[in-house]
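Observations on the three-dimensional arrangement
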Amino acid sequence: MSKIITISREFGSGGRELGKRLAEELGIPCYDYQIIEMVAEKQGLDKDYVENAAERDIRAFYPTTIGVRFSASTFFINQSVELFTEQTKVIRELASKGDCVIVGRCADVLLNNEQLLNIFVYADKESKIKRCKERAKPGEVLTDKEIEKKMKEIDKGRADLRKMLADTAWGDKAGYHLMINTSGKEIKSLIPGLAEYVRAYFNEV
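Quick summary incoming for the structure in this document. Starting afresh in each chain, residues are numbered from 1 along the sequence in its written order. Local features are withheld for residues below a pLDDT of 70 in this predicted model, meaning they are given only at 70 or higher, and side-chain atom pairs are given and counted only at 80 or more; totals for whole chains, interfaces and linings count all residues. The side-chain figures draw on all heavy atoms in the structure; neither hydrogens nor water molecules are used.

1. Points about the side chain of Ser127
Counting from the N terminus, the helices are the DSSP runs of H or I reaching at least four residues and the strands are the DSSP runs of E reaching at least two. In this structure, Ser127 sits in helix α7 (residues 125-134). Categorising residues by exposure relies on relative accessible area from a 1.4 Å probe, with only protein chains included: less than 20% of the type maximum marks a residue as buried, more than 50% marks it as exposed, and the intermediate range marks it as partly exposed. The buried category is assigned to Ser127, whose relative accessible area is 13%. In this analysis, two residues are considered to be in contact whenever any of their non-hydrogen atoms come within 4.5 Å of each other. Here Ser127 is in contact with Gly12, Ser183 and Gly184, once residues within four sequence places are set aside.

So, in structure tokens, the structure goes:
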């Protein structure tokens, strides 16, 4: 049985780093930005555009589901749907190849017919702001309030997308197998224990 581990996460919680380090510890691939790169290559589009359109703009196609209104050309709506469909195909294709970790992009929902371990990573506000500052791009200087606003906006987008796709709410423990609180923790210190949990979950110990 393949080990397919999906990582959903609050912005700033360290979920991306956790997924990458866990994959390295287990000796399996980690798919994150690679998914966007593959979709962009297949569609002949810019990676940044694909990342936005595939996850943010797709929600506009379902206004009654997520309670928002949207006005845009049919072209952009159709392209957003097409990109999200392509992203779904890529995720399923990667998962079919065998053991892997997939970060974000609602992979836990899109792969609901697979044998999965779905993890949700979260943290308190102070820890997330601290982590965002430590990982800021060169020249990027944001205040705590600006970071908090960004966190809320991104997390709302993730919650809205999941609401469109699943019955369980984003961040609701009912939708995941394991919840990990990274508040005040160094991500790499959590990996050995988490890797053992994964092996036990998939009956490898």
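2. A look at the pattern of salt bridges
Should the charged atoms of two oppositely charged side chains come close, the side chains can pair. Every case where a carboxyl oxygen of Asp or Glu lies within 4 Å of a side-chain nitrogen of Lys or Arg is listed as a salt bridge. Taken as a whole and assessed by the stated rule, the structure comprises 18 salt bridges. When the shortest N-O distance is used, the salt bridge between Lys47 and Glu37 registers 4.0 Å. Of the two residues, Lys47 sits in helix α3 (residues 47-55) while Glu37 sits in helix α2 (residues 33-43), which places them 10 residues apart along the sequence. Here Lys47 falls in the partly exposed class, since its relative accessible area comes to 45%. A relative accessible area of 38% places Glu37 in the partly exposed class. Measuring nitrogen to oxygen at the nearest pair gives 3.8 Å for the salt bridge that ties Glu186 to Lys188. Through salt bridges with shared partners, a single ionic network connects Glu17, Arg21, Lys130, Glu134 and Arg135.

Limitation: the analysis is restricted to geometry and does not speak to function.
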